[in-house]
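Single-letter residue listing:
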Amino acid sequence: MQYKKINNLLGWLCFVIASVTYILTLEPSVSFWDCGEFISCAYRLQVAHQPGYPVFAMLGKLFSLLSFGDNTKVPYFTNLGSAVASGATIMFLFWTITALAKKMLLNKRDDVVEQSNLILIMGAGLVGALAFTYTDTFWFSAVETIVFALSSLCTAIVFWAILKWDAHADEKGADKWLVFIAYVIGLSIGIHLLNLLTIPAIAMVYFFRRSKNITVKNGILAFLAGVVILGLVQYGIRGYTIKFAAYFDLFFVNSLGLGFGSGAFFFILLIVVVLVGGIIYSIRAKKPTLNLALLCVAFIYFGYAAFAYIPIRATANPDLNNSHPDNAFTLYGYLNRIQYGETPLLSGPYYDATVTDQKEGSTIYRKGKTKYENAGKKIETEYSHTTPFPRMYSTEPNDVQFYKEWLRIPDGQAPGFGDNLKFMFSWQMYQMYWRYFMWNFVGRTNDADGQTSTGGIDGNWTTGLFDKNLPKSLLHGTTYTPLYALPLIIGLIGAFYHLNRKKKDALIVLLLFFFTGLAIVLYVNQPSIQPRERDYSYVGSFYAFAIWIGIGVIAIAEFARKYINANTAAIGSTVICLLLAPVLLASKEWKSHDRSTKWTAHDMAYNYLISCPPNAILFTYGDNDTYSLWYDQEVEGIRPDVRIVNLSLFTGDWYIRQMQGKMNQSEPLPITMPYDKYKEGVRDIIYYNDRKIAGPVEVKEVFDFISSDDRATQVQYQSGDWGNYLPTKNFKITIDPDEVIKNGVVAADQKDKIAKVMDWKYTSNYVTKDNLAMLDILAHNHWKRPICFTTTIGNDNLIGLQPYLYKEGFTYHLIPFQKDTTKRDQLGKTNTMVMYNNIMNKFKFGNFKNARYLDHESTSMFYPVMASTFIDLIQNLMQEGHNGLALKALHKYDQEMPDITPYIDVAGRKLFLAQLAFQLNDVVLGKRLTASIDDYVTDQLDYNYHLLSDNSSNVNMRDVQISLQLLNGIADFTKENKQTDINKKVSAQLNDYMKKFAPILGSGQ
């Protein structure tokens, strides 16, 4: 059989194996983080968060059509799109490895491939491609609707295509592959920018193939040329095209009086004319290099043209319309993520620097009614001292504290450039890149967040060879995946062998490895702890290493050929490496990637929505509070009457304006401010200026004062500008009980609980746009629409309303009951019977108990939330005399929730449940929960005692102290409940551990 045919067939076999793997482990519905937004935006062709993903959205729409009208199946088919794209990535990886292997083993490109070499080449491709199939990071993105699956496919295609060009570069028409690469790069910008990082490696392939004078100097120049091309595509084509279009539009609209978009259209037409003219000239003047360059630029623009989707759909004003980028200026800011701020790269402050001056920069423009308006100036800040290559630049208090703790810098000691580099190498590079690399090729302890410690077990890497003393809860956990470092060893053998046999090709793979890995670390310059682990950003780097895993097969076979015949060596090396890499990876990783039975993201979002009264306003904050809710509402149409308000977006004038319109079945929010009162540059922030006003002031009066344009209500700043101020933090709303009951906020039999005045203290020293809009709603709602907050929202977002917030499930409902000052935990109050009905009769539980795999968000975020929700309900039912209902609620928890303890604090919540079980006379359940807590706690104490015997500094003192407190708690309540056997056992354990940890307990306290 011909080489080409075998190569093609085995490539497609890799596609089938990988695709089947991902389809079998596919999440059947929405996942956490960005997936809910991406599915919603694909299904209804809406505008996602910056910098926009138009190609991804359009392809997602295509896959969503496979649901054939069953909206509950939409996420399955958009997830399927990721699975198929990931399978195709594996196929192109196979062909990439075989292309490089063939170059290595043959003296000439057209030599006949002997049988032993054929086995080796195909074996290398199979081992490398299938090993990458089952790596942790790539598999994670392959089974959900996320951009990284398609982005990886683009990376795989362009790298394969440049090797295809390399193989045929001497043939006529071979440069069509370069044009094809340009087009894919252009398209990939509409998926994710990671694909651009292949450009330096592509440039080196071109240099090595076409240059007649290959020297170190020329090689460096070629590399720098690749970096320049990367910059031109990233900043020139992607960025400045839109920026120049914006200023053309400014001139056409403001100076010539033409309509919005006219100048941008003219500029785009100008680009077309220049490119077409240049291409015609290059043909007539017989300048092939210029012709190729212009064709590549043109095809990048062809792919990039998909971004026309963004302003077109923004103008249509869909429900999800992030930033409302319907004009060139907003689009430029949207593409460049200006709302996230700028990260200093080459020069910037240290974290202890103080602001010495602020200067006005360029003008900010916003779209007015007929012209672009001046929205103020960009502020350029100068600091007391700066450093080249700043790494510890953030002055945010939490970031500063992290820097000091990470590097153990004492208070008062100024950081130096050495500290800067230490932070870069130890945290940014090791902790936030190499640790992820080791997860994929060495092994992983668990899926807990491990950003804050290099020595802790949570989120760390492990070979599995020295883990016998780790906690049993970890060793038997679903996400414990030891790989014994075998894939790493094979890959390193392949890398060294590649470098020795084919330096140029090895350098190209190394460039791909570097630019899609450590170069991202240097460019992104993460300031401190991230909201989640960021390993998905570096999947291109892991892809490059998988190439070397494949080449490792050849290296091992070459060594074996010294002792056995070539065919046996090739077969033996392939079989051994298949077992030590793909088979090992699949067997270890499957259990922690099989999401086929997990529904938690969908059902937790459902519970948020179903907890809301009819026509409610639901305030959320953050991705996992919001994106899954958007999916449930936008795709499945669950509770379309509820208006979801994401407070992290509510600071944007565009979002407030959207909230003033109808959405699904939700009427406009009661926001009375006209756009001119809150548009960009107007009332961005209102500072507190205490005017010593006696007693609380009506919210409506406060709102009218801080939103007034009357100079009498404003103060003048040193700059000469006038601005509103907040004169008091003491707010109130006078309550009309009949109005509250009429609008169904509370039942008529609860009228005696209603307060005459609802008063509270505002908790911040300034009012931002989201606070301003919330005060507008509070002032003008008149209890017509229920106001709710998700129970996972931060206290800062509640603006002091805690005394009037009552749990009704997964939400706090604002109810004007009289303050209950006896409650220590104001957020533990419940509107009990409403909450009971919601949880017992309406909630869904995401197959929590029976799912084969639960991700980090399910176990560490929503499992504790669910436990707390049940505890608050059961306790309040008991306080109100409903012990029978409390027992039913406790049994519901036991029926629906698994017996897991993701971290020590959850053991404390389970202790409450155990106590409640005994109080409700369910001794069997109480004993079972107590035994579970005891097993977990003693496991943690045994592990920490092992650490203590090695080095006391490694002991987690917090875990030890909480564990001992829990044992003490179990001993106390089992004694009270006459559980003699348990009490004796736990008391003995407590005494034993107190003795063991006595040497450090004194210092810990």
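Heads up: the structure comes first, above all this text.
Below: a short report on this structure. For clarity, every value in this text was computed on a predicted model and none was experimentally measured.

For the rest of this paragraph, the subject is the overall build of the protein. In terms of helices and strands, the protein carries 36 helices and 18 strands. Relative to the 2.2 N^0.38 estimate, which gives 30 Å for 1005 residues, the radius of gyration of the protein is 31 Å and therefore close to what a compact globule would have. Along the first, second and third principal axes, the C-alpha atoms of the protein reach 95 × 85 × 65 Å. In the protein, buried positions account for 58% of the 1005 residues. Across the protein, every contact between residues at least 6 apart in sequence was considered, and the portion connecting residues at least 24 apart equals 73%.

With respect to topology, five strands assemble into an open sheet ordered E8-E7-E16-E18-E17, the strand pairing being mixed. Both outer strands of the open sheet, strand E8 (643–646) and strand E17 (805–807), are each paired with one neighbouring strand and no more. With direction set aside, neighbouring strand axes in the sheet form an average angle of 30 degrees. Across four bridges, strand E7 (residues 617–620) lies against E8 in parallel orientation. Residue pairing in the sheet places Leu618 in a bridge with Ile644 of E8.

This next bit is on the environment of Asn440. Topologically, Asn440 is positioned in helix H16 (residues 417–441). Given the relative accessible area of 0%, Asn440 is considered buried. Sequence separation between Asn440 and Thr137 is 303 residues; the distance between their C-alpha atoms is 6.8 Å. Those residues in contact with Asn440 that lie beyond four places of it in its chain are Thr135, Asp136, Thr137, Leu483, Phe542 and Leu585. A polar contact of 2.9 Å, which involves the side chain of Asn440, links it to the backbone nitrogen of Thr137. At 2.8 Å, the side chain of Asn440 and the backbone oxygen of Tyr436 are in polar contact.

Turning our eyes to something else, we now look at H16. Residues spaced three or four apart along an α-helix face the same direction, because each turn holds 3.6 residues. Approximately 50 degrees is the largest bend angle found in H16, and it occurs at Tyr430. The first or second residue beyond H16 is Gly443, which carries a positive phi of 140 degrees.

We now examine empty space enclosed by the protein. Inspection of every chain in the model, using the stated rule, returns four cavities of 30 Å³ or more. Computed from the structure, the largest cavity encloses a volume of approximately 120 Å³. Lining the largest cavity are 18 residues; nearest its centre among them are Asp319, Leu320, Trp630, Tyr655 and Gln658. Counting only elements with at least two residues in the lining of the largest cavity, the list comes to helix H24 (623–634), E8 and helix H25 (653–659). The leading source of residues in the lining of the largest cavity is H25, at four residues. Here the lining of the largest cavity is built from residues that sort into ten nonpolar, four polar and four charged.

Helix packing geometry: the angle between the two helix axes and the distance between the axes. Relative to each other, helix H8 (residues 176–189) and helix H12 (residues 288–304) sit at 30 degrees, their axes nearing to 7 Å. It follows from the interaxial angle that H8 and H12 lie roughly parallel. Once H8 is placed against H12, the crossing between them reads as right-handed. Every residue of H12 that contacts H8 at Leu178, Val179, Ala182, Tyr183, Gly186, Leu187 and Ile189 is listed here: Leu292, Leu295, Cys296, Phe299, Ile300, Phe302, Gly303 and Tyr304. Tallied by class, residues from the contact of H8 with H12 come to 13 nonpolar, two polar and no charged.

Further remarks concern the pattern of salt bridges. For the structure on display, the rule yields 38 salt bridges. In this structure, the salt-bridge partner of Arg44 is Glu634, at a minimum N-O distance of 3.0 Å. Pair noted here: Arg44 is in the loop between helix H2 (35–43) and helix H3 (54–64) and Glu634 is in helix H24, with a separation of 590 residues, a long-range link. Of the residues examined, Glu634 reaches a relative accessible area of 4% and is grouped as buried. When the shortest N-O distance is used, the salt bridge between Asp899 and Lys910 registers 2.5 Å. Linking Asp899 in the loop between helix H31 (883–896) and helix H32 (904–919) with Lys910 in helix H32, this pair joins segments that are eleven residues apart in sequence.

What the three strands build is an open sheet, ordered E10-E13-E14; its pairing is mixed. Both edges of this open sheet fall to strand E10 (697–698) and strand E14 (757–761), since each of them pairs with a single strand only.

Before going further, it helps to examine the pairing of strand E13 (residues 730–734). Only one face of E13 is buried, namely the one carrying Phe731 and Ile733, since none of Asn730, Lys732 and Thr734 on the opposite face is buried. Bridging between E10 and E13 involves two bridges; their strand directions are parallel. Note that in E13 the partner of Glu698 across the bridge is Lys732.

Counting 318 residues, the largest nonpolar core has Phe619, Phe650, Leu778, Phe789 and Ile874 as the members making the most contacts within it. With 17 residues, helix H4 (residues 74–105) is the largest single contributor of residues to this core. What Phe789 contacts, discounting residues up to four positions off in sequence, is Leu618, Phe619, Met774, Asn797, Leu798, Leu801, Leu805, Phe810, Thr811 and Tyr812. Core analysis: the next-biggest nonpolar cluster, separate from the first, contains six residues, Leu250, Val253, Ala328 and Tyr372 among them.

Bringing the packing of H32 against helix H34 (residues 957–976) into the picture now. The geometry of H32 relative to H34 is characterised by a closest axis approach of 10 Å and an angle of 5 degrees between their N-to-C directions. Between H32 and H34, the angle falls in the class roughly parallel. Residue-level inspection shows Ile904, Asp905, Ala907, Gly908, Leu911, Ala914, Gln915 and Phe918 of H32 in contact with H34, the latter providing Arg958, Asp959, Ile962, Ser963, Leu966, Ile970 and Phe973. Considering only residue class, the contact of H32 with H34 consists of nine nonpolar, three polar and three charged.

For helix H9 (residues 199–210), which comprises twelve residues, the first-to-last C-alpha distance of 16 Å matches the rise-based estimate of 16 Å (1.5 Å per residue) to within 8%. Buried residues dominate H9, accounting for ten of its twelve residues. Considered for burial, the residues of H9 that qualify are Ile199, Pro200, Ala201, Ile202, Ala203, Met204, Val205, Phe207, Phe208 and Arg209. Among the structural elements, helix H7 (147–168), H8, helix H10 (216–255) and helix H19 (503–515) are those in contact with the buried residues of H9.

Let us look at the pairing of E7. A two-sided burial pattern is seen for E7, the buried positions comprising Ile617 and Phe619 on one face and Leu618 and Thr620 on the other. Read as a crossover between parallel neighbours, the route from E7 over H24 to E8 is right-handed. Here E7 pairs with strand E16 (residues 787–790) via three bridges, running parallel. Within the sheet, the bridge partner assigned to Ile617 lies in E16 and is Ile787.

A few words now on unusual backbone geometry. Both trends apply: most residues other than glycine have a negative phi, and most peptide bonds are in trans. Put simply, Gln50 and Pro51 share a cis peptide bond, and its omega is 5 degrees. Within the chain, His324 stands out as a residue other than glycine whose phi angle is a positive 50 degrees. Structurally, the position occupied by His324 is in the loop between helix H13 (309–316) and helix H14 (328–335). The backbone of Arg683 sits at a positive phi, close to 50 degrees, despite the residue not being glycine. Along the chain, the position of Arg683 falls in the loop between H25 and strand E9 (685–688).

Right, let's get into the packing of aromatic side chains. Following the criterion strictly, the structure yields 78 aromatic pairs and no others. Ring geometry for Trp160 against Trp177: centres 5.5 Å apart, planes inclined by 90 degrees, an arrangement best described as edge-to-face. Of this pair, Trp160 sits in helix H7 while Trp177 sits in helix H8, and the two are 17 residues apart along the sequence. With respect to burial, Trp160 and Trp177 carry one shared label: buried.

Enumeration over the complete set of coordinates arrives at zero disulfides. Cysteine Cys154 remains unbridged, with the sulfur of Cys296 as its closest cysteine sulfur at 16 Å.

Glancing now at the side chain of Asn797. Relative to the helices and strands, Asn797 is located in the loop between E16 and E17. Beyond its immediate sequence surroundings of up to four residues, Asn797 is in contact with Tyr621, Leu647, Met774 and Phe789.

Structurally, Thr289 can be placed in helix H12. Residue Thr289 is classed as exposed on the basis of its relative accessible area, which comes to 60%. In this structure, the C-alpha to C-alpha distance between Thr289 and Arg683, residues 394 residues apart in sequence, is 54 Å.

What counts, and at which threshold
- Residues numbered from 1 in each chain as written.
- Predicted model: local features only at pLDDT ≥ 70, side-chain atom pairs only at ≥ 80, totals over all residues.
- Heavy atoms only, no water.
- Helix = DSSP H or I, 4+ residues; strand = E, 2+ residues; numbered from the N terminus.
- Rg over C-alpha atoms; globule rule 2.2 N^0.38 Å.
- Buried < 20%, exposed > 50% of the residue type's maximum accessible area, 1.4 Å probe, protein only.
- Contact = heavy atoms within 4.5 Å.
- Pairing = 2+ DSSP bridges.
- Axes fitted to C-alpha atoms, helices over the stretch in contact; angles between N-to-C directions.
- Polar contact = N/O pair within 3.5 Å; in protein donor to acceptor, adjacent residues only side chain to side chain.
- Bend = angle between axes of the 7 residues up to and from the residue.
- 1 Å grid on protein atoms, 1.4 Å probe; cavity = no way out; pocket = protein on both sides within 12 Å on 5 of 7 lines; lining within 4 Å.
- Points joined across faces, edges and corners; volume = space filled by probe spheres on them.
- Nonpolar A, V, L, I, M, F, W, Y, C, P; charged D, E, K, R; others polar.
- Parallel < 35°, antiparallel > 145°, perpendicular 65-115°, else oblique.
- Left-handed = near helix turned anticlockwise from the far one by under 90°.
- Salt bridge = Lys/Arg side-chain N within 4 Å of Asp/Glu carboxyl O.
- Core = buried A, V, L, I, M, F, W, Y, C linked by side-chain atoms within 4.5 Å.
- Expected span 1.5 Å × (residues − 1).
- Right-handed = clockwise from strand over helix to strand, strands pointing away.
- Phe/Tyr/Trp six-rings, centres within 6.5 Å; stacked < 30°, edge-to-face > 60°.
- Disulfide = S-S within 2.5 Å.

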